[in-house]
Amino acid sequence: MTDQLENSYDVVVVGGGAAGLNGALMLARSRRSVAVIDSGTPRNAPNVLGVHGLLAREGVSPTELVERGRAEVRGYGGHVVNGEVAGAAREGDGFTVTLVDGTSVRARRLLVTTGLVDLLPEIPGLRERWGRDVLHCPYCHGWEVRDQAIGVLATGPMSVHQALLFRQLSGDVTYFTHHSAGPDAEQAEQLAARGIRVVTGAVTAVEVADDRLVGVRLADGTVVRRDALSVAPRLVARAGFLAGLGLRAVDHPSGVGEYVPADPFGRTETAGVWVAGNVSDLAAQVGAAAAGGAVAAAAINTDLIAEETRQAVAAARSAESR
């Protein structure tokens, strides 16, 4: 089921994951006209069977979570539209949002919750296992691989930290330096103290048998048996369509990827545009993304109320002066 996109709304939400749907829910419950435009390509689509660490909804499938969220938004009069946004432009005191199919819609405010993409190393077999036994977050997937032989592939500045996190879940953790310089002296001491083996050399493939990961192959042909492999991808916010508004993703201070900066309420440097979820918080899990959407929605509603109040005061003064 999808809704017919109308000509204009108080708020257009671009992206229909946890952040976007929760933001839309808050706005619709505040009697704002709101449309969620979603491309239907969620980050967690590849083989993720359940959402974890979400209170009272532990293990819920991503599909069910989105379907329930869409129904809740519609229950308060919000619209949910399938489509991909190509660009956005300032028009008067609002915005025009244009879809790939040429459709356009007006909005007084924008809430961008498009999330991010995971850029994985080009290692044969890695992408196909992503979200199954190749994973990145110990809080999202760690319990499912507890006590297994876990490998951690060095891909960035947080890789040693990642290895220490997975050591909490298993006594058999191996750190693969891959193309990195390897751990520094302090990090090497930490890994050794925690019993984490360090293997040098480039990883050239992941080994799979009977539809499960069984090992990691090195450039010299050695295969190190592993049941799961943790890989920290480069995280890049989906923000290209915002260029026309002067917004773009920039390097995150942590070095793990690119994000759209915003204040604690999701307000960006472009007036009238808010962001929430992974597009602005690269590490946010589902619960945090949903909370971010709610915070941004409340800020947007407050902003609209302030504008409407200024207009009402001006109109009242004008009437009194006649």
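Up top is the structure.
Just so you know, these numbers come straight off a predicted model, no measurement behind them.

**Q** Help me get a handle on the overall build of the protein, residues and values and all.
**A** Across its full length, the protein holds seven helices and 19 strands. The burial tally for the protein puts 45% of its 322 residues in the buried class. Here the analysis covers contacts within the protein between residues at least 6 apart in sequence; of these, 58% occur between residues at least 24 apart. For the protein, the computed accessible surface area is about 15700 Å², with 52% contributed by carbon and sulfur atoms.

**Q** Tell me about the packing of helix H1 (residues 18-29) against helix H7 (residues 286-320), and name the residues and values.
**A** Here H1 crosses H7 at 35°, and the two axes come no closer than 7 Å. In the crossing of H1 with H7, the sense of the turn from one axis to the other is right-handed. For the pair H1 and H7, contact is made by Ala-18, Ala-19, Asn-22, Gly-23, Met-26 and Leu-27 and by Val-286, Ala-289, Ala-290, Ala-291, Gly-293, Ala-294, Ala-297, Ile-300 and Asn-301, respectively.

**Q** Tell me about the sheet that holds strand E16 (residues 234-237), and please be specific about residues and values.
**A** Spatial strand order, E7-E16-E18-E17: four strands in an open sheet with mixed pairing. The sheet is open, and its two edges are formed by strand E7 (116-119) and strand E17 (250-251), each paired on a single side. Of the pairings in the sheet, the one linking E17 to strand E18 (residues 257-259) comprises two bridges and is antiparallel in character. What sits directly across from Asp-251, in E18, is Glu-258.

**Q** Mind laying out the packing of helix H5 (residues 159-167) against helix H6 (residues 185-193), listing which residues take part and the relevant values?
**A** In a pair of packed helices, the angle between the axes and the distance between the axes together describe the arrangement. Two numbers describe how H5 lies on H6: the axes approach to 11 Å, and their chain directions differ by 15°. With respect to H6, the axis of H5 lies roughly parallel. In the crossing of H5 with H6, the sense of the turn from one axis to the other is left-handed. The segment H5 lies against H6, with Val-160, Ala-163 and Leu-164 engaging Gln-187, Gln-190 and Leu-191. Among the residues forming the contact of H5 with H6, the class breakdown is four nonpolar, two polar and no charged.

**Q** Any chance you could break down the sheet that holds strand E13 (residues 212-218) for me, citing the residues and the numbers?
**A** Here we have three strands laid out as an open sheet, ordered E12-E13-E14, and antiparallel in their pairing. Where the open sheet ends on each side, the last strands, each with one partner, are strand E12 (203-209) and strand E14 (223-225). This sheet shows a mean twist of 30° between the axes of neighbouring strands, independent of strand direction.

**Q** Lay out helix H2 (residues 62-75) with the relevant residues and their values.
**A** Spanning 14 residues, H2 covers 20 Å between terminal C-alpha atoms, matching the ideal 20 Å at 1.5 Å per step. Turning to H2, its buried residues are Pro-62, Gly-69, Arg-70 and Val-73. Around the axis of H2, the buried residues are gathered within 100° of arc, so they sit on the same side. Facing away from the buried side of H2 by over 90 degrees, the exposed positions are Thr-63, Glu-67 and Gly-75. Looking at the packing, one finds that the buried side of H2 touches H1, strand E2 (34-38) and strand E3 (79-82). Count one or two residues on from H2 and you reach Gly-77, which has phi positive near 95°.

**Q** Provide a residue-level description of the side chain of Asp-133, including the pertinent values.
**A** Here Asp-133 lies in the loop between helix H3 (126-129) and strand E8 (134-135). On the basis of relative accessibility, which here comes to 9%, the residue Asp-133 falls in the buried class. Separated by 2.9 Å, the side chains of Asp-133 and Arg-129 make a polar contact. Every residue in contact with Asp-133, bar those within four places of it in the chain, is listed here: Arg-212, Leu-213, Asp-227, Ala-228 and Leu-229.

**Q** Which residues make up the environment of Met-158, and what values do they have?
**A** Looking at the secondary structure, you find Met-158 in the loop between strand E9 (150-153) and H5. Judged by relative accessible area, Met-158 falls into the partly exposed class, the value being 38%. Separated by 126 residues in the primary sequence, Met-158 and Ala-284 have C-alpha atoms spaced 16 Å apart.

**Q** With reference to specific residues and values, describe the pattern of salt bridges.
**A** Counted under the stated rule, the structure contains 20 salt bridges. In this structure, Glu-64 and Arg-57 form a salt bridge, with 3.0 Å as the shortest nitrogen-oxygen distance. The exposure class assigned to Glu-64 is partly exposed, which follows from its relative accessible area of 34%. Assessed through its relative accessible area of 28%, Arg-57 is described here as partly exposed. Linking Arg-267 and Asp-263 is a salt bridge whose minimum nitrogen-to-oxygen distance equals 3.7 Å. Exposure remark for Arg-267: the relative accessible area of 36% places this residue in the partly exposed category. Given a relative accessible area of 30%, Asp-263 falls into the partly exposed group.

**Q** So what about the nonpolar core? Which residues, and what values?
**A** Most often, soluble globular proteins keep nonpolar side chains buried together rather than apart. Ranked by size, the top nonpolar core spans 26 residues in total, and within it Val-12, Val-97 and Leu-110 carry the most contacts. Counting only elements with at least two residues in this core, the list comes to strand E1 (8-14), E2, strand E4 (85-91), strand E5 (94-99), strand E6 (104-112) and strand E19 (273-275). Looking at this core, the element that brings in the most residues is E6, giving four residues. Of all hydrophobic cores here, the second largest spans 21 residues; its members include Ala-19, Ala-24, Leu-25 and Ile-300.

Calculation rules
Residues numbered from 1 in each chain as written. Predicted model: local features only at pLDDT ≥ 70, side-chain atom pairs only at ≥ 80, totals over all residues. Heavy atoms only, no water. Helix = DSSP H or I, 4+ residues; strand = E, 2+ residues; numbered from the N terminus. Buried < 20%, exposed > 50% of the residue type's maximum accessible area, 1.4 Å probe, protein only. Contact = heavy atoms within 4.5 Å. Areas by Shrake-Rupley, 256 points an atom, 1.4 Å probe, with all protein chains shown as cover. Axes fitted to C-alpha atoms, helices over the stretch in contact; angles between N-to-C directions. Left-handed = near helix turned anticlockwise from the far one by under 90°. Pairing = 2+ DSSP bridges. Parallel < 35°, antiparallel > 145°, perpendicular 65-115°, else oblique. Nonpolar A, V, L, I, M, F, W, Y, C, P; charged D, E, K, R; others polar. Expected span 1.5 Å × (residues − 1). Arc of directions from axis to C-beta. Polar contact = N/O pair within 3.5 Å; in protein donor to acceptor, adjacent residues only side chain to side chain. Salt bridge = Lys/Arg side-chain N within 4 Å of Asp/Glu carboxyl O. Core = buried A, V, L, I, M, F, W, Y, C linked by side-chain atoms within 4.5 Å.

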